[in-house]
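Examining the three-dimensional arrangement
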Amino acid sequence: MKEKIADLEEKARRLRVAIVKTLHKSQSGHTGGSLSAIDMVCALYFHKMRHNPADPAWEGRDRFVLSKGHAAPALYVALAECGYFPAEDLMMLRRLGSHLQGHPDSKGTPGVDVCTGSLGQGLSMANGMALGLKLDGKENRVYAVLGDGELQEGQVWEAAMAAAHYKSDNLCALIDSNGLQIDGDVSKVMNVSSISDKFRAFGWNVIDIDGHDMGQIIAALDQAEAHKGAPTAIVAKTVKGKGVHLFENKASYHGVTPNDDELPEALRCLGCCD
Amino acid sequence: MIATRDAYGEALAELGGENDKIVALDADLSGSTKTAVFAKKFPNRFFNMGIAEANMVGTAAGLAAVGKIPFLSTFAIFAAGRGWEQIRQSVAYPKANVKIVATHGGVTVGEDGGSHQSVEDVAIMRAIPNMTVIVPADGEETKGAIRAAAAYKGPVYVRLGRNKVPSVFPAGHKFEIGKGVVVVPGTDLTFITTGLMTAAAVTAAEKLKAEGISARVLHIGTVKPLDKELVLQAAQETGAIVTAEEHSVVGGLGGAVAEFLGETCPTLMKRVGIHDRFGTSGKSDELLKYFGLNAETLIEEAREIVSRKK
């Protein structure tokens, strides 16, 4: 297990490098929230989820919803690393003619099941998939990554209520709680705490973790899978811009990309020499 | 006489027996929208989502993403109104195979008043790319429309009413998405109508005949995509068009016909509908009269437009 965790940590480091390079190239996109979510995305795509890059529509796959769709680079680098499409495609992020839109688009990108980006809608879709899979008697699981600012949308709580009501225990929500949104601290813009208490009050199984501790992420995903009768929320404390001190904990890096001057330092932080 | 929502309930329950991929969702109005008929027959495939329309739309999109054919229902004002952005982002944008069957459209909701009278839903849905918009004339056409919606792969909005409406089509009438139907032939003008206004146009055409005016009635069951061929033919052959709908004259059928003919065959036109205002409380028949949504208005407009032709 220790070895597995070390592998995943190394993978996450490489994915961070890919995010920084991709966003530097595009000069448009969201840096902070991609870096805060990447450890969880990495654990899902390279450890937990059943999926088949050679057959993106494979029926036996688990489903993934990036509800905080602006963190699309975190999803795209993982999909590219899995082999859903060539890594070179990443260099076309957000460009005209590219299949990599600014926010995930199921029509264009192999491995993307639902369109997201308009905040607050992903958990509803994830629960819809969970209900449909259960109806067919399938064991497949559905994972949704949400932001903490996103929880300000009322629809999230409509979905939370419905998932608990229908006992969607094949559904797992991961909350990337980095504490920042465009206008500043989540607690100051519109306080959503306590996230854990809220999900618990809605009838969810709740697990609090450090969202950058790979061991904790994996243990939580295992616990979520084992829990029956209710959906699970993994509330992950994270750092916006995690891994690059230039971007860490800065709301201003929500929708800003690394410039030419910042790139070498960012890559150095990530232990990247090329 | 049968309400289109009743025909929907029957048709959905029937389809449910033929195709187990069909699921239904409602937002605490299953008795009124008639999805309760399906729910009773197929309880496992029915999801009451409570009074939470936005989540219902997203849930339907998720069900579609795993291969289900979801039919979701609530009143038109809450489906197209509360659910607009979810319909745009989660349903129409990915071309999700979701069927939105909105009941209680238009002013015939009656006593509930302006807040509940959806007079702009067709315009809202028509403006969304990928969306097909259907407004059946009667129960028979509703049954065909629901069947066609289930067979069609992609998002569909079907707008139904609350009250019983006169029959326009015979039993077994075949509905085809995107195809209009000439219900009454005529040469002096054409009523292009949708929903319950088609029956009114048939009545108007009969009365006009006695006056020596030959009115064609072209029923448009699918407001989007518009049957351009039949509309153009009507414009060219009769030279005068009166559209009619239980909806705002802004952005609905009248808007669709005007947009199309304005670019292809500018034609004398009148639009009968609700003139950029909200509904109000009253009995449904009183309201139809109050807003001029009846054969009398159509006759007046027909006389006027025919006189302008000369």
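Residues numbered from 1 in each chain as written. Chains lettered and ligands numbered in written order. Predicted model: local features only at pLDDT ≥ 70, side-chain atom pairs only at ≥ 80, totals over all residues. Heavy atoms only, no water.

When helices and strands are counted, chain B shows 13 helices and 14 strands. Compactness check: chain B gives a C-alpha radius of gyration of 19 Å against a globular reference of 19 Å for 310 residues, within 12% of the reference. Each of the three principal axes of chain B carries a C-alpha extent, and together these read 60 × 40 × 35 Å. By residue count, 63% of the 310 residues in chain B fall in the buried class. Pairs at least 24 residues apart make up 78% of the contacts formed inside chain B by residues separated by at least 6 positions. Roughly 11500 Å² of accessible area belongs to chain B as shown, and the carbon and sulfur atoms make up 51% of that amount. Of the charged side chains in chain B, 34 are positive and 34 negative; the average position of the first set lies 3 Å away from that of the second. (Helix = DSSP H or I, 4+ residues; strand = E, 2+ residues; numbered from the N terminus. Rg over C-alpha atoms; globule rule 2.2 N^0.38 Å. Buried < 20%, exposed > 50% of the residue type's maximum accessible area, 1.4 Å probe, protein only. Contact = heavy atoms within 4.5 Å. Areas by Shrake-Rupley, 256 points an atom, 1.4 Å probe, with all protein chains shown as cover. Lys, Arg positive; Asp, Glu negative; His and termini not counted. Charge placed at Lys NZ, Arg CZ, Asp CG, Glu CD.)

This next bit is on the sheet that holds strand S11 (residues 215-219) of chain B. Residue and element names in this part refer to chain B. Across the sheet, which stays open at both edges, the five strands sit in the order S9-S11-S10-S13-S14 with mixed pairing between neighbours. Where the open sheet ends on each side, the last strands, each with one partner, are strand S9 (181-184) and strand S14 (268-274). Each neighbouring strand pair of the sheet contributes to a mean axis angle of 25°, computed without reference to strand direction. Relative to the sheet, helix H10 (residues 228-238) contacts S9, strand S10 (189-193), S11 and strand S13 (240-248), its axis offset from that of S11 by approximately 170°. Of the strands in this sheet, S10, S13 and S14 are in contact with helix H13 (residues 295-309), which crosses S14 at around 165°. (Pairing = 2+ DSSP bridges. Axes fitted to C-alpha atoms, helices over the stretch in contact; angles between N-to-C directions.)

Attention shifts here to the interface of chain A and chain B. On the side of chain B, 25 residues touch chain A, which itself brings 23 residues to the contact. Counting the surface lost from both chain A and chain B, the interface buries some 1900 Å², and carbon and sulfur atoms represent 59% of this. Across the chain A-chain B interface, the total number found is one salt bridge. The salt bridge involving A:Asp136 is made with B:Lys68; its shortest N-O contact spans 2.5 Å. Remark: the boundary between chain A and chain B carries 11 residue pairs in polar contact (both at pLDDT 80 or more). At the level of elements, helix H4 (122-135) and helix H5 (154-165) of chain A are the ones that each hand at least two residues to the side of chain A that touches chain B. (Buried area = accessible area lost by both parts, 1.4 Å probe. Salt bridge = Lys/Arg side-chain N within 4 Å of Asp/Glu carboxyl O. Polar contact = N/O pair within 3.5 Å; in protein donor to acceptor, adjacent residues only side chain to side chain.)

Attention now goes to the UniProt feature "domain: Transketolase-like pyrimidine-binding" (unreviewed entry) in chain B. Those residues carrying the UniProt feature "domain: Transketolase-like pyrimidine-binding" (unreviewed entry) are residues 2-167 of chain B in this numbering. Note that residues 2-167 of chain B is 45% helix and 19% strand, and that its end C-alpha atoms are spaced 8 Å apart. (UniProt positions renumbered as here; feature names shortened; annotations may be inferred.)

To continue, consider helix H6 (residues 84-92) of chain B. Buried residues of H6(B): B:Gln86, B:Ile87, B:Gln89, B:Ser90, B:Val91 and B:Ala92, and no others. Against the buried residues of H6(B) lie H4 and H5 of chain A together with helix H4 (53-65), helix H5 (76-82), strand S5 (99-103) and helix H7 (121-126) of chain B.

To continue, consider the layout of surface pockets. One number sums up the size of the largest pocket: a volume of about 510 Å³. Lining of the largest pocket is provided by 25 residues; of these, A:Asp113, B:Ala64, B:Ala65, B:Gly67 and B:Lys153 occupy positions nearest its centre. Top element by residues in the lining of the largest pocket is H4(B). It accounts for three residues. Split by residue class, the lining of the largest pocket holds 12 nonpolar, six polar and seven charged. (1 Å grid on protein atoms, 1.4 Å probe; cavity = no way out; pocket = protein on both sides within 12 Å on 5 of 7 lines; lining within 4 Å. Points joined across faces, edges and corners; volume = space filled by probe spheres on them. Nonpolar A, V, L, I, M, F, W, Y, C, P; charged D, E, K, R; others polar.)

The next thing to look at is the packing of H5(A) against H4(B). At their nearest, the axes of H5(A) and H4(B) sit 8 Å apart, and the two run at 65° to each other. By the angle between their directions, the pair H5(A) and H4(B) is classed as roughly perpendicular. For H5(A) against H4(B), the interelement crossing comes out right-handed. Where H5(A) abuts H4(B), its residues A:Gln155, A:Glu158, A:Ala159 and A:Ala162 lie against B:Glu53, B:Ala54 and B:Asn55. (Parallel < 35°, antiparallel > 145°, perpendicular 65-115°, else oblique. Left-handed = near helix turned anticlockwise from the far one by under 90°.)

Residue and element names in this part refer to chain B. Using the criterion set out here, one finds three cavities of 30 Å³ or more in the structure. Of the pockets and cavities examined, the largest cavity occupies roughly 190 Å³. Sorting elements by how many residues they give to the lining of the largest cavity places S13 first, with three residues. Split by residue class, the lining of the largest cavity holds seven nonpolar, eight polar and four charged. Of the pockets and cavities examined, the second largest cavity occupies roughly 80 Å³. Here the lining of the second largest cavity is composed, by residue class, of six nonpolar, two polar and four charged.

Another aspect to go through is helix H1 (residues 2-26) of chain A. Residues and elements named next belong to chain A. In this model, H1 (25 residues) spans 36 Å end to end at C-alpha, consistent with the 36 Å of a helix rising 1.5 Å per residue. For H1, the complete set of buried residues consists of Ile5, Leu8, Ala12, Leu15, Arg16, Val17, Ile19, Val20, Thr22, Leu23, His24 and Ser26. Backbone geometry just after H1 places Gln27 at a positive phi near 55°. (Expected span 1.5 Å × (residues − 1).)

Our next topic: the nonpolar core. Of all hydrophobic cores here, the largest spans 62 residues; its most connected members are A:Leu123, A:Leu151, A:Phe199, A:Trp204 and B:Tyr157. With 58 residues, the next largest nonpolar core counts A:Leu35, A:Ile218, A:Leu263 and A:Leu267 among its residues. (Core = buried A, V, L, I, M, F, W, Y, C linked by side-chain atoms within 4.5 Å.)

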